[in-house]
Amino acid sequence: MMIYFGSIVNAGLIVIGAVLGLLLKKAIPERLQEILFQCCGLITLFLGFSMASEMKNMIIVVLSLMVGTIVGEYFSLEDKLETFGNKLKSRLANNEKSFTQGFVVATMLYCIGSMSIIGAMDGALRNNHSILITKGILDGFMSIVFASTYGIGVLFSIFPLLLYQCGITTIAYFLENFFTDFLISQLTGLGGILILGLGISLLKLKNIKIMNFTPSFIFVVLFSWCYELLWMNR
């Protein structure tokens, strides 16, 4: 269980932040909530740009993004996540108007990114949890703003977060040699592009269904592995 320690701390800090946001919701003026939310959007854009620049092969990332998006759109993954959020809302917080939106936005922000991927792998490969704990502190502060804006739906984002990060940790634990520096850089670059899309949505410039892009991670792994096997190891 120690390999999952970072993810557990990450989720715990989100819960603390969300609870604080709910308690302070009425104390924070609406104008301040809006400017803090915009601040989160700008930070998200910055993170996306910095991560996207780490990709080592743009063609693989672009191809993975296009193929993965077609698959995600075909299966309407964003709609399914919203449906799941609506089911949670009907059972837990039926009077919370923005429950589903908060759940979806928080899930996307907390799960997509290099810190989630690299931190989860670091926990498995080196039993080092510092990246996920640092990420947890950042997520905790953001959850204060999100919970004060969207409500209790933000808190329930910890369940897909734990499933996602613990899943990566488990895979990395059993397939240690598979996660090369090249593959990690490609995953980071793709994650940066999706984070950019999320930042655009947070700033309300354009509503982008980020969840429909997430199958791209599967294809970037497959294409990167084939590239390393057939070309880099020649």
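Residues numbered from 1 in each chain as written. Predicted model: local features only at pLDDT ≥ 70, side-chain atom pairs only at ≥ 80, totals over all residues. Heavy atoms only, no water.

Participant: Describe the packing of helix H4 (residues 77-92) against helix H5 (residues 99-111), listing the residues and the values that go with them.
Facilitator: It is the contact of H4 with H5, at a shortest axis distance of 8 Å, that shows an interaxial angle of 130°. Comparing their axes, H5 and H4 come out oblique. The hand of the H4/H5 crossing is right-handed. In this structure, H4 contributes Glu78, Leu81, Glu82, Phe84, Gly85, Asn86, Leu88 and Lys89 to the contact, and H5 contributes Phe99, Thr100, Phe103, Val104 and Met108. Grouping the constituent residues of the contact of H4 with H5 by class yields seven nonpolar, three polar and three charged. (Axes fitted to C-alpha atoms, helices over the stretch in contact; angles between N-to-C directions. Helix = DSSP H or I, 4+ residues; strand = E, 2+ residues; numbered from the N terminus. Parallel < 35°, antiparallel > 145°, perpendicular 65-115°, else oblique. Left-handed = near helix turned anticlockwise from the far one by under 90°. Contact = heavy atoms within 4.5 Å. Nonpolar A, V, L, I, M, F, W, Y, C, P; charged D, E, K, R; others polar.)

Participant: Describe in detail the nonpolar core, supporting the description with residues and values.
Facilitator: Counting residues in each nonpolar core, the largest one holds 52 residues, and the members touching the most others are Tyr110 and Phe146. Residues contacting Phe146, with those up to four places away along its chain left out, are Phe37, Cys40, Leu109, Tyr110, Gly151, Val154 and Leu202. (Core = buried A, V, L, I, M, F, W, Y, C linked by side-chain atoms within 4.5 Å. Buried < 20%, exposed > 50% of the residue type's maximum accessible area, 1.4 Å probe, protein only.)

Participant: Account for the environment of Ser98, with residues named and values stated.
Facilitator: Inspection of the secondary structure assignment puts Ser98 in the loop between H4 and H5. Since its relative accessible area comes to 18%, Ser98 is described here as buried. On a C-alpha basis, the gap between Ser98 and Gly153 in space is 7.5 Å, while along the polypeptide they are 55 residues apart. Sequence-distant contacts of Ser98, defined by excluding residues within four places in its chain, comprise Thr149, Tyr150 and Gly151. In this structure the side chain of Ser98 is engaged in a polar contact, spanning 2.6 Å, whose partner is the backbone oxygen of Tyr150. (Polar contact = N/O pair within 3.5 Å; in protein donor to acceptor, adjacent residues only side chain to side chain.)

Honestly, it's all geometry; don't read function into it.
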